[in-house]
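Reading the structure
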Amino acid sequence: MTPILIIKIILTIFALLLGLSLLILILPTRLKVNGTFEDDQKQLRAGVSFIYGFLRFFLRWENNTISVSAALLMVKAPVLKKSLGKPAKKPKKKEKKPKEKRDTSKLSVIDWISFAGKVAPKIMKPINFKTIDGDLSVGFKNLAATGFFFSTYYMFRYTTNYLKRINIRANFTQPGIWGKIEIFCLIHLYQYIPILIFVYKNYKRRIRKKKGGS
């Protein structure tokens, strides 16, 4: 193969990838999520479709196993399959670590909540929900984590009308998730370009304030 032919092949591949990327950004992305969480059956299915189904990705979680597959036109292939169960590990002796100086530039939990409250409405705005419905009961092993999650959810629930259709109840007696959820929406990804710039600038501004800058 001559150098000119190699360059032409590389440029052709680059042009195809660039064209696909532009189509993914411009054309609506379809997202569908279905989840059923009962004592005898817990499963979550999600599918993302680009370019009117030309490129699709599927995620399925069932019986503590997660699997991911991809499809190009009518050709479907597995990408990942992994069990989420963690093997038992022998306890290790704790080694004393030298105390590290606290980094005052890092955001605290309160800072992160404030940051999320600022950017969440903008992140949700480009999403065109066709179907959104859910009734869930959620609990964590740490009761404080359950309370924090529940209070944070209710803080964001009223930032948009769509989240009001998903009802989440805190379960302080048993860790886990129960109920059902169904979501179908369309997203134009190009609308997230200015949003990502806003999120980045807002984050950097908060870091500068944390460090004591202007």
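Residues numbered from 1 in each chain as written. Predicted model: local features only at pLDDT ≥ 70, side-chain atom pairs only at ≥ 80, totals over all residues. Heavy atoms only, no water.

In this section: the sheet that holds strand β4 (residues 65-72). Overall, mixed pairing links the 8 strands, which are arranged β5-β4-β3-β2-β1-β8-β6-β7 in an open sheet. Strands at the two margins of the open sheet, each flanked by one partner only, are β5 (75-83) and β7 (166-170). The mean angle between the axes of side-by-side strands here comes to 10 degrees, regardless of whether they run parallel or antiparallel. As defined by bridge partners, strand β2 (residues 42-50) adjoins strand β3 (residues 55-62) across 8 bridges and the pair is classed as antiparallel. The residue bridging Q43 from the neighbouring strand is E62, located in β3. (Pairing = 2+ DSSP bridges. Helix = DSSP H or I, 4+ residues; strand = E, 2+ residues; numbered from the N terminus. Axes fitted to C-alpha atoms, helices over the stretch in contact; angles between N-to-C directions.)

Glancing now at the pairing of strand β8 (residues 176-187). With 9 bridges connecting them, strand β1 (residues 29-37) and β8 associate as antiparallel partners. Residue V33 lies in a different strand from β8, and its bridge partner there is I183. As paired strands, strand β6 (residues 127-139) and β8 are joined by 12 bridges and run antiparallel to one another. Paired with D135 across the two strands is K180, which belongs to β8.

Turning our eyes to something else, we now look at a positive patch on the surface. Together, K118, K122, K125, K201, K204, R205, R208, K209 and K211 make up a positively charged patch on the protein surface. Broken down by secondary-structure element, the contributors of at least two residues to the positive patch are α2 (109-124) and α4 (192-211). Considering every element that reaches the positive patch, the biggest residue donor is α4, with 6 residues. Position of R208 relative to the elements: it lies in helix α4. Note on R208: relative accessible area 41%, which makes it partly exposed. (Patch = residues over 30% accessible without salt bridge, like charges linked within 9 Å, V, L, I, M, F, W, Y side chains within 5 Å. Areas by Shrake-Rupley, 256 points an atom, 1.4 Å probe, with all protein chains shown as cover. Salt bridge = Lys/Arg side-chain N within 4 Å of Asp/Glu carboxyl O. Lys, Arg positive; Asp, Glu negative; His and termini not counted. Charge placed at Lys NZ, Arg CZ, Asp CG, Glu CD. Buried < 20%, exposed > 50% of the residue type's maximum accessible area, 1.4 Å probe, protein only.)

Our next topic: the packing of aromatic side chains. Applying the stated criterion across every chain, the model contains 4 aromatic pairs. Residues F50 and F57 carry aromatic rings whose centres are separated by 6.2 Å and whose planes lie at 80 degrees to one another, so their mutual orientation is edge-to-face. With centroids separated by 6.1 Å and ring planes inclined at 65 degrees, the aromatic side chains of F115 and Y203 adopt a geometry described as edge-to-face. Placement of the pair is F115 in helix α2 and Y203 in helix α4, with a sequence separation of 88 residues. A residue is classified by how much of its surface remains accessible, and F115, at 9% relative accessible area, is buried. Assessed through its relative accessible area of 30%, Y203 is described here as partly exposed. Directly above the aromatic system of F198 lies the positively charged group of K122, at a separation of 4.8 Å from the ring centroid. (Phe/Tyr/Trp six-rings, centres within 6.5 Å; stacked < 30°, edge-to-face > 60°. Lys NZ or Arg CZ within 6 Å of the ring centre and 35° of its normal.)

What follows covers unusual backbone geometry. Among all residues except glycine, the phi angle is most often negative; among peptide bonds, the trans geometry is most common. For I51, which is not glycine, the phi torsion reads 50 degrees and is therefore positive. Topologically, I51 is positioned in the loop between β2 and β3. According to the relative accessible area criterion, I51 is buried, its value standing at 13%. The residue Y52 is not glycine, and still its phi comes out positive at about 55 degrees.

Quick look at the pattern of salt bridges now. Going through the model one piece at a time under the given rule, you end up with 2 salt bridges. One salt bridge in this structure joins E62 and R60, with 2.5 Å as the shortest N-O distance. Judged by relative accessible area, E62 falls into the partly exposed class, the value being 22%. With its nearest N and O atoms 2.4 Å apart, the salt bridge here joins D135 to R169. Taken together, the residues D135 in strand β6 and R169 in strand β7 connect sequence positions 34 residues apart.

We now examine the side chain of S49. Within the secondary structure layout, S49 lies in strand β2. The exposure class of S49 is buried, given its relative accessible area of 13%. Within the structure, the side chain of S49 is placed 3.1 Å from the backbone nitrogen of G53, a separation counted as a polar contact. Sequence-distant contacts of S49, defined by excluding residues within four places in its chain, comprise P28, T29, R30, L55 and R56. (Polar contact = N/O pair within 3.5 Å; in protein donor to acceptor, adjacent residues only side chain to side chain. Contact = heavy atoms within 4.5 Å.)

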